[in-house]
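Analysis of the macromolecular model
Residue-level listing of the chains:
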Amino acid sequence: MSLRLPRAAELRSPAILPPHDLDGLDPVFSRIVSVPGESAADAVEWHLLDNAGRLADLGVTPVGTILCVHGNPTWSYLWRKLVSQATDAAANGGEAWRVIAVDQLEMGFSERTGVRRPLEQRVRDLGALTDTLELDGQVFTLGHDWGGVVSLGWAVDHPELLAGVMLLNTAVHQPESDRIPAPLRLALKPALLGNATVATPAFLETTLALAHPPLPKAIKAGYRAPYLDAARRGGIGGFVADIPVDERHESFAELTRISTGVANLTVPALMLWGPRDPIFSDRYLDDLIDRLPHADVHRFEGAGHLVAEDVDYAGAVLTWLADGIRSSEESVSGTPTDETERAPLWHYLDEMRDSDETVAVDMVTPNGTAPRVVSWKLMSRRVRQITAGLAAVGVKKGDRVSLLVPPSADLIAVLYACIRIGAIVVVVDAGLGLKGMTRAVRGACPDHVIGAAPGLSAARALGWPGQKISTAGYPAAVRRALGVSHSLAEIIALGSDERMPAAPSASDTAAILFTSGSTGPAKGVVYTHAQLCAVRDALAAQYGVGVGTGLVAGFAPFALLGPALGARSVTPDMDVTSPKTLTATAVAAAVAAVDATVVFLSPAAVANVVATAGELTDDDRLALAGVERFLSAGAPVSERLLSAISALMPNATAHTPYGMTEGLLMTDITLDGIREAASEAGAGGVCVGSPTGTTRVRIAPLDDTGRATEDLTEAPDVTGEIVVSAPHVEDHYDRLWLTHRASRRGGVPGERWHRTGDVGHLDAAGRLWVEGRMPHVIATATGVLTPVGPEQAIEQLHEVARAGVVGVGPDGTRQVVAVVETVPPARRVSLATPGLADAIRGVVTVPIAAVLVVPKLPTDIRHNSKINRSMLSDWASDILSGGRMRTP
Amino acid sequence: MRVLVTGASGLLGRAVAREIAATGHEVTTFQRRASGVDGVTDVLGSITEADAVTRAVQNVDAVVHLAAKVSLAGDPADFDRVNVGGTRALLAAATAAGVGKFVFVSSPSVAHSGSSIVGDDALPADPVHARGDYARTKAEAELLALAADSPSFRVVAVRPHLVWGPGDTQLVARVVERAGAGRLPLLDSGAALIDTIYIDNAASGIAAALERVDAVHGNSYVLTNGEPRPVAELLAGICAAAGVRAPAWSVPAGLARGAGSLIERAWRIKPGADEPPMTRFLAEQLSTAHWFDQRRTRADLEWTPAVSLDEGFRRLAESYGHG
C-alpha cells in the first residue's frame, strides 16, 4: 500500500528543548543528544528526558536504566511521572534508577529529519542512540503503543544489555483472523490519512480524549506542545502509515521478526494494561501473554489506552523493579509448594469406570421428565469421549475454556474433560449479572466457550471471544447465528476413540473462579490442580464426604467437586442466578433422589427454604430426617435462620464455614458453637469458629487510620485484617499482579498467606470473630471501630430488624452513623424519631452522630445477606451533608 | 497574669471572663455596659473609641478579644467599623503597650463559602468568599490579628462554632421564640450534620488557648463539642429543653436560600424592628453540613470539652425550669 502524506511531513527542523512551563515536566531532565550518522549530514538530534545528571548531583549510582519509548502521537511527556518519581525515590534514599525517555525522531521535540522511518529504521535509530549514550549494565525497556513495538525491537537486538521488558497497551502481532481496529482502519483510508494525522490535529486530539477520567487542560496542553502546526506533525502521519496492515506492507517482516524474537525472551516482564482501549483491546494482551507467559500482568479495570495517565503506572513500575531486586537478593521463589501428594481430581472417574452406582442426578431435565440419573460408568465414558473430542478440535493444555453451562450432569462431564486435558476452566458466577459476567469473560480472554443457548447467545451478542461449542444440537441457521463451531454431540462422536492426551501436572493451572467483592469488579482467582485437590481434601476431611456419600450440591463451587470426592451428587431444582428462589420441597426432592446425608446450600437460599417449609409433605420430612450434615457457605447465617433450618433436618449438624473464593474453607462452626458464642456477651462480631484442619489464621493489626499493618499476630483480642494460610488457598489473581501482591503483603516467606480483606480477631480459645470488611472499618478521632459489634447491639432492640453501622467524613475523624430497618418496616427514608435514636445511642458505647431509618438496607449483589456498607456510607454522607433524602 | 477581656457583656464574653478569673488570673473587662461578672474590674467604653481602647490595654499581659458586632443584618459600614476597625485599633494599642499575648475570638464562618463542611480542620480566613457582613469582617479582622503575630506579640485565633446554652440570646432564644410562634421550618430533611459548642466548653476552650498561646501562636483553631448531630435533632433538643414544640414542617433549602436573599435585600432598603426572619447565610447554615476535625484543636490546646451535648440539653432544660 502506498500512502501519501502532506508535504509538511518532509520539512526539516532541528531538535529543540520543550517550553519550560509544561505541567508536571521538570525542565532539568530535558537534554538534546546528537547521534552521528555515516556522514556528518546523516547526524540526527534527539530530545530526551534523562535523570542521569540529577542522580550524579545526588551522588548515587543507578542500579539500572529504564529506557522508555512513547507511541503515536505522544512524546516523552508520557513518562514525566516516572522520571520524577524515580528521581525523588533516589533522593529519599531508595534505589536509584536512571530513566531515559526518548522523543522518537520526527516526534515530540526531536529532530524533523524529513526522512520516512519505517519500523526497522526506528529500531535501528534507537540502537544508535543507546550506542551514543554508551548504556551499560541492566536495561529495562518500557514502551507504550507503537513505542512498545520499537522498545521490544531494541530488546530483541540487545540481549547483552537487556534485564527486562515492561509494556503498557501495545501489540506485536495482528491475529490473522481479526482485522485491525476500526479507528485505525478509518485513519488509514488514503483519503483521510494526511488530513487526519498531519494537516489537522484530529488524530492527536482523538488520542487525548481516550483518558479515563478526562485529562486536565494543562496536561492536554503538554501533549499538544510539540505538535502545534502541520510541519511538526509529519511523524504522526508517518507512524500511522507504517502500521503493517497485511503481509505486503514494508514493515510486516520487521514486526514478524520482533514478535518471534519476543517469544524467545526469558527476562522478567511486566504488562500494565488499560482494557478500555478501542485500539489495543484485550486480545492483544492475550497474544503478548502467550509470547511472554512468565510476565507479571495487571489489568487496570476502568483504565484505557492512556493507562499512563489513568493510573499510577510509575508507582507500579518502580514497585515491580524493587521486587525484582529483592527476590534476586533473597533468591527465594516465594511460591511455596504443597508437599502433600494428592490424587488427581479425576481419579474416581478412572477408579469407578465400571461402576453402575450413581454419580450424578439432574432434578431438572430439558424436557421436564423425571430426574436424569447418571452412573459412574456412563459419566466416566462421557468424560473420556469429551476429553478426546475437545482435544481433536484443538482444546489443549493451558487454553482457557469458559463454561456457560447450568449445573447438571453435562456440566460435570465437560468440566472434568477440560480438567483432564489441562485446559483452564473459567467459572463465572451467574449471580454477577450479565454486565459483570461480560466484564469477567472479556478480561479472562477464553480460547473456547462451551455453553447452552442462553449463555451462547449472550456470548454472541456481547462479543465474547473464543471458539463456541454448544451443549445442545441446533439447526444450521441457529448455529450460524450463535457462531457455534461444534455441538457437544459432535465432540462426543469425534472422541469416540477415547484417546487421552497427556495429563496435566499438579502445578498446572486448573481453574479461574470469578468472585464479586463487596466493592469493585469481579476478580479472577486462579487455582492450580494441586490447590483444587487440596480444596477437595479439606471438604472431605471437614465434612466426611467420600465415596458413596449422597450430596445435595446447592452451592456452586462445592457442587462441582462431587465426582472428585467420589460422592453421588444432585443439583436441586433451582434458578442458579437467583438462589433465594430455592424451595424446601425442591431440597427434599433432591435429598430423596440420592439418599443424601450431606446438604450444601447458599446462604441466600436458606431463608426461602425456611419460608416454604409449610409445603413439605410427610415423605419430604422423612427424607430430610436422613440428613446428617447441613452446610451453608458464602456469608454468615443468623442463629435464628440456622435453628429454623435445623428444625427441618432434625438429625443433622448444621455448619457454617467461613471462606471466600480465594480460600473456600478457612474456618467452621456448628449451630451449637454459634449458640455458645452468642452467650458470650460483648465479644463484638460474628464467631465463625475454629480454623479447619490445614488452615492457619493470623491477624494484621490496624493502625490509627484503619489500615492493616504488616506485623501478623496470633495473639487473642487483637482486631485487624484476617490473614489465612492453607494448601487450598488460591495461587494468584488472574492478570491482577498488584492485587495479588497486596493480598500477600506481610506474609511469611515460604508460606502462602492470603489477606482476606475481612477484619476480625481471634479469641483465647482460638476461635475467629469477623467484625466486617476492611473498607468498612471506621477510623474515628478516638480510635478505630468495626461495624459488626455495634450492629449486633442495635439489632437486639425489638424495634430494629437490621442495622448497618457506617462512617461519614474524612478518615481519622469519621463520625459514626447507624442506618436501620425498623419493625414494622418504614415506608420511606427519614431521620429516626427521638425515641428510637435515644434507644440506639443507649445500647452502643460509641457516639452515634445520626440515626437514619430506611425501608430496606442495600445488600451485596451476589449475597443477598451481606449489607453493602460502602454504598451505605456514600449514601449517608450525601444525606447528612444536606443531600436529598433518597433511598440507598 | 493580668488579662483584658473585651466584649464581656455578651453570653460568651461573660463566661470567658469568669473562667479566666476562676483560674487565678487578674481580669479586666472592656465593653459599653457592666459585665456583671463577680471578681473582675470593668472598664467601660467602646472598641471604636481610640482613647478608651488605649486606656484599657495599659498594664495588661494578655488580651482576649471578643467584642464584635454580631448580627445577621445591619449596615455593612457598622460591621467594618466595629469588627475590622476595632480589632485594628486594639492590636495597635496592645502592641504599643507591650502586651505579650492576644487571643482573637473568631468564627468558623470566616472560612465558609456556603458549601458543606464535612470534617475539615480550620481553613484560612477568606474575606472575599465569606458569606454576609459579619463573616466577611471577622475574616478580615482575623487576618489582621494573625498578621500581627510575632515572637513578642503572640496571637492565636479560636473559632467557636454555634455557641449555645442557658441565657443564650443568639441561637437558643431565636429558636425557641420562632418555634413557639410556629415560624421555624426545617430546611429539606433537617439531616445535615451540625457541630455546636456548649457555652461552658467554649469558655474553657478560649481559656485553654490563652494558656497555650506561647506554644500555638500564629494558628487558628475551630472549637466545637465534637458531637455533630442532624440539625433537626439539635433544634428538637433545644425545643424540648425549652418546652416548646419542635419544628414539624419543612421548606426546600433552595427556596429558603432564594427567599433569604430577597428578604435580605428588602431589609437593607427598609429594615424591620427585628432582624430578617431568613437570610441566605442562615438558610445555608441550616441546610448544609458543618462539622469539623477537632484532633489538632484538642491536641494543641490540650483541651477537651467537659460538657457533653446531652448534658448541655439537660442543663438548658434546667434553666427553663424543666430539668
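**Some words on the overall build of chain A**
Helix and strand counts for chain A stand at 32 helices and 35 strands. Relative to the globule expectation of 29 Å for 888 residues, the C-alpha radius of gyration of chain A, 30 Å, shows essentially globular dimensions. By its C-alpha atoms, chain A is 100 × 70 × 50 Å across when sized along the principal axes. The buried share of chain A, taken over its 888 residues, is 54%. Counting only contacts in chain A whose residues sit at least 6 apart along the sequence, the fraction spanning at least 24 positions is 69%.

**Brief notes about the overall build of chain B**
Along its length, chain B carries 11 helices and 15 strands. In chain B, once contacts between residues fewer than 6 apart in sequence are set aside, the share between residues at least 24 apart is 76%.

**So, the packing of helix α15 (residues 376–392) of chain A against helix α16 (residues 409–421) of chain A**
All names here are of chain A. At a minimum axis separation of 8 Å, α15 and α16 run at an interaxial angle of 55°. By the angle between their axes, α15 is oblique relative to α16. For the crossing formed where α15 meets α16, the hand is right-handed. Taken together, the residues of α16 that come into contact with α15 (itself represented by M379, R382, V383, I386, T387, L390 and A391) are A409, I412, A413, V414, Y416, A417, R420 and I421.

**Examining the domain arrangement of chain A**
Residues and elements named next belong to chain A. For chain A, the assigned domains read domain 1 (48–328), domain 2 (344–543), domain 3 (673–773) and domain 4 (777–880). A separation of 39 Å is found between the C-alpha centroids of domain 1 and domain 2. Contact with domain 1, which involves six residues of that partner, is made by five residues of domain 2. A per-element tally of the side of domain 1 that touches domain 2 places helix α11 (residues 282–291) first, with three residues.

**A closer look at the sheet that holds strand β2 (residues 26–31) of chain B**
Residues and elements named next belong to chain B. Sheet architecture is open: seven strands sit in the order β3-β2-β1-β4-β5-β7-β12, paired in parallel fashion. Two strands close off the open sheet at either side, each with one partner strand: β3 (41–44) and β12 (220–223). Neighbour-to-neighbour, the strand axes of the sheet open up by a mean angle of 20°, direction not taken into account. Pairing of strand β5 (residues 101–105) with strand β7 (residues 154–160), which is carried by five bridges, proceeds in the parallel orientation. By the bridge assignment for β7, V105 is matched with V158. Across the sheet, helix α1 (residues 11–22) is in contact with β1 (2–6), β2 and β4 (62–65); its angle to β1 comes to roughly 170°. Contacts between helix α6 (residues 199–216) and the sheet are confined to β1, β4, β5, β7 and β12, with β7 contributing the most and set at about 155° to the helix.

**Regarding the sheet that holds strand β15 (residues 484–487) of chain A**
Pairing between sheet strands relies on hydrogen bonds along the backbone, with the strands arranged either parallel or antiparallel. Residues and elements named next belong to chain A. Taken together, eight strands build an open sheet; the order of strands is β15-β14-β13-β11-β12-β16-β17-β27 and the sheet is mixed. Whereas interior strands pair on both sides, the edge strands pair on one side only; in this sheet they are β15 and β27 (732–733). Packing of helix α21 (residues 529–543) onto the sheet brings it into contact with β16 (509–515) and β17 (523–528), and relative to β17 it is tilted by some 90°.

**Here we look at unusual backbone geometry**
The peptide bond linking N72 of chain A to P73 of chain A adopts the cis configuration, its omega dihedral lying at 5°. Within the secondary structure, P73 of chain A sits in the loop between β3 (64–69) and α2 (80–91). Here the residue pair V823 of chain A and P824 of chain A is connected by a cis peptide bond, since its omega of -5° sits within 30 degrees of zero. Position of P824 of chain A relative to the elements: it lies in the loop between β33 (815–822) and β34 (830–831). The phi angle at L162 of chain B is positive, at roughly 50°, despite the residue not being glycine. Mapping L162 of chain B onto the fold places it in the loop between β7 and β8 (163–164).

**Considering the confidence of the model for chain A**
Across chain A, the average pLDDT comes to 89, with 94% of residues at or above 70. Contacts from residues 331–335 of chain A, a stretch scored under 50 in pLDDT, to residues over four places away or in other chains number five contacts.

**Here we look at the environment of A654 of chain A**
Residue and element names in this part refer to chain A. Tracing the backbone through its elements, the reader meets A654 in strand β22 (residues 653–660). Residue class for A654 comes out buried when judged on the 25 C-beta atoms lying within 10 Å of it. Measuring from C-alpha to C-alpha, the distance between A654 and S380 comes to 33 Å, with 274 residues separating the pair along the chain. Once you skip the residues sitting within four places of it in the chain, A654 turns out to touch F630, L642, I645, S646, T670 and L671.

**Quick look at the pairing of strand β5 (residues 139–143) of chain A**
Residues and elements named next belong to chain A. Taking burial as the measure, the five residues of β5 include five buried ones, the bulk of the element. With burial as the criterion, each face of β5 is covered, one bearing V139, T141 and G143 and the other bearing F140 and L142. Here β5 pairs with strand β6 (residues 162–168) via five bridges, running parallel. Of the residues in β6, the one forming a bridge with V139 is L162. On the question of chirality, the crossover connecting β5 to the parallel β6 by way of helix α4 (residues 146–157) is right-handed.

**Remarks on α15 of chain A**
Residue and element names in this part refer to chain A. For α15, which comprises 17 residues, the first-to-last C-alpha distance of 24 Å matches the rise-based estimate of 24 Å (1.5 Å per residue) to within 8%. Most of α15 sits out of view: 13 of its 17 residues are buried. Phi turns positive one or two residues past the end of α15, at G394, with a value near 100°.

**Structural notes on the interface of chain B and chain A**
With 25 residues of chain B in contact, the opposing surface of chain A contributes 17 residues. The set of elements that each furnish at least two residues to the side of chain B that touches chain A consists of β6 (117–120), β13 (229–230) and α7 (231–242) of chain B. Residues belonging to the side of chain B that touches chain A are distributed by class as follows: 11 nonpolar, eight polar and six charged.

**Focus: helix α32 (residues 869–880) of chain A**
Compared with an ideal rise of 1.5 Å per residue, which puts 12 residues at 16 Å, α32 of chain A spans 16 Å between its outermost C-alpha atoms and is within 8% of the ideal. For α32 of chain A, the complete set of buried residues consists of R869, L872, S873, W875, A876, S877, I879 and L880 of chain A. Structurally, α32 of chain A contributes buried residues whose contacts are with β32 (800–808), β33 and β35 (850–853) of chain A together with β10 (193–194) and β13 of chain B. Count one or two residues on from α32 of chain A and you reach G882 of chain A, which has phi positive near 105°.

**Digging into the packing of α7 of chain B against helix α11 (residues 309–319) of chain B**
Residues and elements named next belong to chain B. Running from N to C, α7 and α11 point in directions that differ by 30°, and their axes come no closer than 7 Å. Contacts between α7 and α11 involve G237, I238 and A241 on the former and, on the latter, F313, L316 and A317. Here the contact of α7 with α11 is composed, by residue class, of five nonpolar, one polar and no charged.

**Things to note about the confidence of the model for chain B**
Detailed conclusions should not be drawn from predicted coordinates in areas where pLDDT is low. Residue-level pLDDT values for chain B average 88, and 90% of them are 70 or greater. The complex prediction reports pTM at 0.82, with the ipTM value standing at 0.90.

**Some thoughts on the pairing of β4 of chain B**
Two faces make up the sheet, and in a regular strand the side chains alternate between them. Residue and element names in this part refer to chain B. By the alternation rule, side chains of β4 split into A62 and V64 and V63 and H65, which are all buried. Taken together, the four bridges between β1 and β4 define a ladder with parallel strand orientation. Residue pairing in the sheet places V5 in a bridge with V64 of β4. Relative to β5, β4 runs parallel, the two being bridged by four bridges. Bridging from a neighbouring strand, V64 pairs with V103 of β5.

**Brief notes about the environment of G566 of chain A**
Residue and element names in this part refer to chain A. Summarising the element assignment, G566 is placed in the loop between α23 (562–565) and β19 (568–571). In this structure G566 comes out as buried when scored by C-beta crowding, with 21 C-beta atoms within 10 Å. When the C-alpha atoms of G566 and Y348 are compared, they prove to be 5.9 Å apart, with 218 residues separating the residues in sequence. Every residue in contact with G566, bar those within four places of it in the chain, is listed here: Y348, G546 and V547.

**A look at the environment of A89 of chain A**
Residue and element names in this part refer to chain A. Its location among the elements puts A89 in helix α2. Expressed as a C-alpha distance, the spacing of A89 and L318, which sit 229 residues apart in the sequence, is 9.2 Å. For A89, the residues in contact, after removing those within four places along its chain, are G94, E95 and L318.

What counts and how
Residues numbered from 1 in each chain as written. Chains lettered and ligands numbered in written order. Predicted model: local features only at pLDDT ≥ 70, side-chain atom pairs only at ≥ 80, totals over all residues. Helix = DSSP H or I, 4+ residues; strand = E, 2+ residues; numbered from the N terminus. Rg over C-alpha atoms; globule rule 2.2 N^0.38 Å. Buried ≥ 20, exposed ≤ 12 C-beta atoms within 10 Å, placed from the backbone. Contact = placed C-beta atoms within 7 Å. Axes fitted to C-alpha atoms, helices over the stretch in contact; angles between N-to-C directions. Parallel < 35°, antiparallel > 145°, perpendicular 65-115°, else oblique. Left-handed = near helix turned anticlockwise from the far one by under 90°. Domains from an automatic or database assignment. Pairing = 2+ DSSP bridges. pLDDT = per-residue confidence, 0-100. Right-handed = clockwise from strand over helix to strand, strands pointing away. Expected span 1.5 Å × (residues − 1). Nonpolar A, V, L, I, M, F, W, Y, C, P; charged D, E, K, R; others polar.

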